[in-house]
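Results of the structural survey
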Amino acid sequence: MRAAILHAVGNDKLDIRDDVTLAPVGPADVRVRIKATGVCHSDLSAMTGVLPQPVPLVLGHEGAGAVVEVGEHVTSLKPGDHVVINWRPGCQECDLCLGGQPYLCIKYVVEAFSKGNFRFGGDGATAYGMAGCGTWAEEIVVPWQGAIKIDEDVSWEAAALIGCGITTGVGAAINTAKVRPGSTVAVIGCGGVGLSVIQGARLSGARMILAIDPLESKHELAKKVGATHAVTPEQVPDTLNELTAGAGFDYGFEVVGKAATIQSAWQITRQGGDVIVVGAGAVDDMVSISAFSLLFEGKNLLSSLYGEADVRHAFPYFAKLHKAGKLDLESMISARIRLSDLNDAVAALRGGEVLRQIVVMD
């Protein structure tokens, strides 16, 4: 089968080949034929080493497809089921899972990255799967918890977006921040996840949503999906005074993954407000906030991994919102491409202008 392999961290080019084989299906695994998969900034971060992953590596973690085969112990899925890939599957047995935080469970992450636990094989093509998935391949094998069934009338492209960007962004607004109706929101970074945060804030009833991105080409789409205002970082001080009389916003979302933008989110959030870190940053990128400010400004610094979602419920729920016309997923797709186009897609992602490029499989 075909797959795109990263042989070494820092490589600019992927090895796109058609002689890759798949690991056998274990008793608790499912094999999924990928129908659509997104090109997410986290994939680029894995290529550059910002997000540590073992290599060789088949990239991709945002995907959807049809179940082809299930292990003998799997009872919740059957061949033919339409599923969204869950790149952070919870074991559903540990204290984190039972306590309502399955997105923090690392059982399958550890197993996926155990030395020699390759998801893919073949001559010169032995590789791990990104986040235990590797959706930049025609087929993958994941634990049954890593494939969530959805209705068959949801398009493959929409289902793929729900698998990461939508759940991460919308979930940050409704699960982590619990944005209140009538509140004010600022979102730094208007890529696919940032736009999803904007949609989550809109769904929550925010009366003012400021989108902040250095690329003015993204401002129009930000307004289309729910932002009331859109500015570049240089315009923020004047806009902050104009919209909030200098007080700041109730919620400040950082969706870039940089210490500098986390501090910016802190600065534009009002006293007693919530600062929510959504972007995935580097291990050595340290954030500096004074102890005095941390205490006396009364702000809450929150992290939001995978939108703090229990995807067993979140994926079908977001699919229903999309079908009801309340989540605009089509506008977030900047291009539909083929697996063979992935090197060009990664180069476009580096340029920053694109939103979500979706690989549509044959």
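Everything below is about the structure shown above.
Described in the following lines is the structure provided in the data block. Since the model is a prediction, treat every value here as computed from it, not as a measurement.

Observations concerning the overall build of the protein chain
Looking only at helices and strands, the protein chain features 11 helices and 19 strands. Expected size for 362 residues packed as a compact globule is a radius of gyration near 21 Å; at 20 Å, the protein chain falls within 12% of this value. Its C-alpha atoms give the protein chain principal-axis dimensions of about 60 × 40 × 40 Å. Every one of the 362 residues in the protein chain was classed for burial, and the buried ones make up 56%. Considering only contacts within the protein chain whose residues lie at least 6 apart along the sequence, 71% involve residues at least 24 apart. Taken as a whole, the protein chain presents about 14,800 Å² of accessible surface, with 52% of it coming from carbon and sulfur.

Topic: the packing of helix α4 (residues 156-176) against helix α5 (residues 192-203)
Their axes nearest at 7 Å, the elements α4 and α5 cross at an angle of 40°. It follows that α4 is oblique to α5 by the angle criterion. Once α4 is placed against α5, the crossing between them reads as right-handed. Facing α4, whose interface residues are G165, I166, T168, G169, V170, A172, A173 and I174, α5 presents V193, S196, V197, G200, A201 and L203. Taken together, the residues that form the contact of α4 with α5 break down as 9 nonpolar, 5 polar and no charged.

Concerning the pairing of strand β6 (residues 63-70)
Where strand β4 (residues 29-39) and β6 come together, 7 bridges link them in antiparallel fashion. Opposite T37, over in β6, you have G63 as the bridge partner. The pairing of β6 with strand β7 (residues 82-85) spans 3 bridges and is antiparallel. Within β7, the residue paired with G65 across the bridge is V83.

Rules of the game
Residues numbered from 1 in each chain as written. Predicted model: local features only at pLDDT ≥ 70, side-chain atom pairs only at ≥ 80, totals over all residues. Heavy atoms only, no water. Helix = DSSP H or I, 4+ residues; strand = E, 2+ residues; numbered from the N terminus. Rg over C-alpha atoms; globule rule 2.2 N^0.38 Å. Buried < 20%, exposed > 50% of the residue type's maximum accessible area, 1.4 Å probe, protein only. Contact = heavy atoms within 4.5 Å. Areas by Shrake-Rupley, 256 points an atom, 1.4 Å probe, with all protein chains shown as cover. Axes fitted to C-alpha atoms, helices over the stretch in contact; angles between N-to-C directions. Parallel < 35°, antiparallel > 145°, perpendicular 65-115°, else oblique. Left-handed = near helix turned anticlockwise from the far one by under 90°. Nonpolar A, V, L, I, M, F, W, Y, C, P; charged D, E, K, R; others polar. Pairing = 2+ DSSP bridges.

Interpretation note: all reported values are geometric properties and have no functional meaning in isolation.
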